[in-house]
Every structure is written in C-alpha cells, then in structure tokens.
Amino acid sequence: MIVTTRNGSKYMVKVRFIHTPMFKESVDEYGRNHIIYWTEHSTRAAITRITNAKLEAEITVTGISRCHYKDKFDKNFGKKLAYQNAINKMESLNLISADDRIDLLSFNLDTATYTAPQVKTCEDEAKI
C-alpha cells in the first residue's frame, strides 16, 4: 500500500499477520503430564519512506499489536492498532511531521493507494 502525503512524501505500508503455535507442559502432583496448546496472534505494520535518492537511507518503522489469549482475534482491529503504533513510533523518533502524521492516520488500510487531499489554507478561504 502506498500513501502520498500533502507535501509529496511517499510511504509504503505493509501489514503482516503472525500466528505462533505455543504449548506449555507441566506435571501435576500425581505425576500426570499436562500439555496445553494455544495460538498467539500478533499483527505487524511496517512503514517505509520511499525516496529516489540513492544516498539517503530508508528507515522502516514497525508497529506491533498482540492479541491476548482470552480475546477473540480481530484482523481489522489488530491491523489498525499496529499501524497506529508504527505512526506513534515514527513521530516520537521525529521521522515525520505533524502534517504527515495527520495524512497517515487518515489512510484507510483497506485500499491499495492513497493520496491525501489538499486542504485549503486560511488565505485561500479568505479570497473566496
């Protein structure tokens, strides 16, 4: 998925669902073996800035969301939470501006490409 912000920056967003089988083995006081199986669900959203410069390093920031084993796994909620965590991490590292954050948060994760609409400034609205 490609996101283009209002200032022309392009970001590539990749979402990956990870299902890890887990087990726990224990012995009770009577010497019986107990094995418990479950699946841990997690979602990872990676955001990479796309550049044309060969010398500029590309930085990929990953946001992760994990589903508690007692909760029902919801792909859409996990995808949105992991994506928001990645954006928050990018902002805390000063990799994006406040305008880019707004544009990235307005992106719907179900589309392939997104271009942020140009917002009229106060001066443009005053001319009307």
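Residues numbered from 1 in each chain as written. Predicted model: local features only at pLDDT ≥ 70, side-chain atom pairs only at ≥ 80, totals over all residues. Heavy atoms only, no water.

Undergrad: Any details on the pairing of strand β2 (residues 10–27)? Residues and values, ideally.
TA: As judged from the 3 bridges shared by strand β1 (residues 2–4) and β2, these two strands associate in the antiparallel manner. Bridging across to β2, valine 3 finds its partner in tyrosine 11. Between the antiparallel neighbours β1 and β2 lie 5 residues, among them glycine 8 with a positive phi of about 95 degrees. Pairing between β2 and strand β3 (residues 33–50): 18 bridges, direction antiparallel. Bridging from a neighbouring strand, lysine 14 pairs with alanine 46 of β3. (Pairing = 2+ DSSP bridges. Helix = DSSP H or I, 4+ residues; strand = E, 2+ residues; numbered from the N terminus.)

Undergrad: How would you sum up the environment of methionine 90? Please name residues and give values.
TA: Following the sequence through the fold, methionine 90 ends up in helix α1 (residues 75–92). Between the C-alpha atom of methionine 90 and that of valine 61, which follows or precedes it by 29 residues, the distance is 6.6 Å. Apart from the residues within four sequence positions on either side, methionine 90 is in contact with Tyr11, Ile47, Val61, Leu95 and Ile96. (Contact = heavy atoms within 4.5 Å.)

Undergrad: Can you lay out a nonpolar patch on the surface for me, pointing to particular residues and giving the numbers?
TA: Taken together, Phe23, Ile35 and Tyr37 make up a surface patch of nonpolar side chains, about 370 Å² in accessible area. Along the polypeptide, isoleucine 35 turns up in strand β3. (Patch = residues over 30% accessible without salt bridge, like charges linked within 9 Å, V, L, I, M, F, W, Y side chains within 5 Å. Areas by Shrake-Rupley, 256 points an atom, 1.4 Å probe, with all protein chains shown as cover. Salt bridge = Lys/Arg side-chain N within 4 Å of Asp/Glu carboxyl O.)

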